[in-house]
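Coordinate inspection notes
So the chains spell out like this:
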Amino acid sequence: MKVVLFCGGYGMRMRGSTDDVLTKPMHLVGPRPIIWHVMRYYAHFGHTEFILCLGYGADQIKDYFLRYEETASNDFVLRDGKVQLLDTDIADWTITFVNTGLNSPIGERLRRVRPHLEGDEVFLANYADVLTNLPLDAMIDEFKGTDCAAALLAVPPQSSFHVVQFDEQHRVRDLEQVGVMSIWENGGYFVLTQAVFDHLPVNGDLVGDVFEALLAQGRLLAYPYSGYWKPADTFKERAELDHAWDTHDAPWALWNGSDPGKPASHPRTS
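Residues numbered from 1 in each chain as written. Predicted model: local features only at pLDDT ≥ 70, side-chain atom pairs only at ≥ 80, totals over all residues. Heavy atoms only, no water.

Overview of helix 4 (residues 136–144)
When we look at burial in helix 4, the residues that qualify are L136, M139, I140 and F143. Each buried residue of helix 4 sits inside an arc of 95 degrees when the element is viewed along its axis, so together they form one side. Of the surrounding secondary structure, the elements contacted by the buried residues of helix 4 are helix 1 (34–44), strand 8 (122–126), strand 10 (150–155), strand 13 (185–193) and strand 14 (220–224). (Buried < 20%, exposed > 50% of the residue type's maximum accessible area, 1.4 Å probe, protein only. Helix = DSSP H or I, 4+ residues; strand = E, 2+ residues; numbered from the N terminus. Arc of directions from axis to C-beta. Contact = heavy atoms within 4.5 Å.)

Rendered as structure tokens:
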């Protein structure tokens, strides 16, 4: 199953870090960029055909894979001046690089790679900036058992702020942490079908145009998951991911033997 990765955004919320000239998917988590971790996650489930929707920082991503150094994250033997790899990361990957415009919205980026998805009734898509140990096979199986045209990962809010409710005299009636409220947010992992293109106009948006149309038809599936899910929208979040990798506490790294996640046993409803 092919995987479309939206990796052409500016990553404005990441600005202010020491390496803010990088496009967001190229910020490092351990020795490898975020996009590599996302791709390794999909490859763990057997999905090794990737379509990269490029925009800002396209040259950075192209150069990284064109100059990819396997020895950075794999053991090897150096004998007689020649490298013998003991393992490999991307030898079985197929990566298609497509320039989808510098300022294109997500939907337009998807529309521009449609020719590379011909013959694939079902495919996967991702924002390329979120890491999780989601049991991907379970999500795909649940989706295939429905008549829906698209599915999205739904996760609890990550904010540590509190929602404040007050009366007409501004006296506080309730304080509730956002993360424990009965609401879910878009987790950025998608299972899509060719039907999404029926609702995707030029310069359209995946959520605002496609998902809203499918919602009206009752053909949009949510897969609720309350396990590990971590975005990399800010420098602070990226630093937390980096620390998790350095301390060998990286739940998303299923290829390293981390335990896979489990669906929420009692999904919350909003």
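Picking up where we left off.
What about the nonpolar core?
Core analysis: the largest hydrophobic core is formed by 52 residues, its most contacted members being L5, Y42, L52 and W252. Of the residues forming this core, the biggest block, 8 residues, is contributed by helix 1. Dropping the residues within four chain positions of it, L5 is found in contact with I35, V38, M39, Y42, F50, I51, L52, C53, N126 and A128. In this structure, I51, L110, A150 and F197 belong to the second largest nonpolar core, which totals 24 residues. (Core = buried A, V, L, I, M, F, W, Y, C linked by side-chain atoms within 4.5 Å.)

Focus on the state of the cysteines
For the structure on display, the rule yields 0 disulfides. Here C7 is not cross-linked by a disulfide; its sulfur's nearest cysteine counterpart is in C53, at 6.6 Å. The exposure class of C7 is buried, given its relative accessible area of 1%. Residue classification places C53 among the buried positions, given a relative accessible area of 0%. (Disulfide = S-S within 2.5 Å.)

Examining the packing of aromatic side chains
In this structure the tally under the stated criterion is 17 aromatic pairs. Their ring planes at 50 degrees and their centres at 6.4 Å tell us that F6 and Y127 sit as a pair that is tilted. Taken together, the residues F6 in strand 1 (residues 3–7) and Y127 in the loop between strand 8 and strand 9 (130–132) connect sequence positions 121 residues apart. Cluster of aromatic residues (ring-pair linked, three or more members): W36, Y228, W245, W252 and W255. (Phe/Tyr/Trp six-rings, centres within 6.5 Å; stacked < 30°, edge-to-face > 60°.)

What about the side chain of N133?
Note that N133 resides in the loop between strand 9 and helix 4. Within the local environment of N133, its side chain forms a polar contact with the side chain of Y225, the two groups lying 2.5 Å apart. For N133, the side chain forms a polar contact with the main-chain nitrogen of Y228, separated by 3.2 Å. (Polar contact = N/O pair within 3.5 Å; in protein donor to acceptor, adjacent residues only side chain to side chain.)

Topic: helix 2 (residues 58–66)
Among all positions of helix 2, only A58, I61, Y64 and F65 are buried. Down the axis of helix 2, the sector holding all buried residues measures 135 degrees, keeping them to one side. Across from the buried face of helix 2, at angles greater than 90 degrees, the exposed residues are D59 and L66. In this structure, the buried residues of helix 2 make contact with strand 1, strand 3 (32–33), helix 1, strand 4 (49–54) and strand 7 (94–99).

Re the pattern of salt bridges
Tallied over the full model, the rule gives 10 salt bridges. A salt bridge links E108 to R112; the shortest N-O distance between them is 2.7 Å. With E108 and R112 both in helix 3 (residues 106–112), this residue pair falls 4 residues apart, about one helical turn. The class of E108 is buried, set by a relative accessible area of 1%. You can call R112 partly exposed: its relative accessible area is 37%. Between K236 and E240 there is a salt bridge whose closest N-O contact spans 2.7 Å. Residue K236 and its partner E240 are located together in helix 6 (residues 235–246), separated by 4 residues, close to a single helical turn. Residue class for E240 comes out partly exposed when judged on its relative accessible area of 30%. (Salt bridge = Lys/Arg side-chain N within 4 Å of Asp/Glu carboxyl O.)

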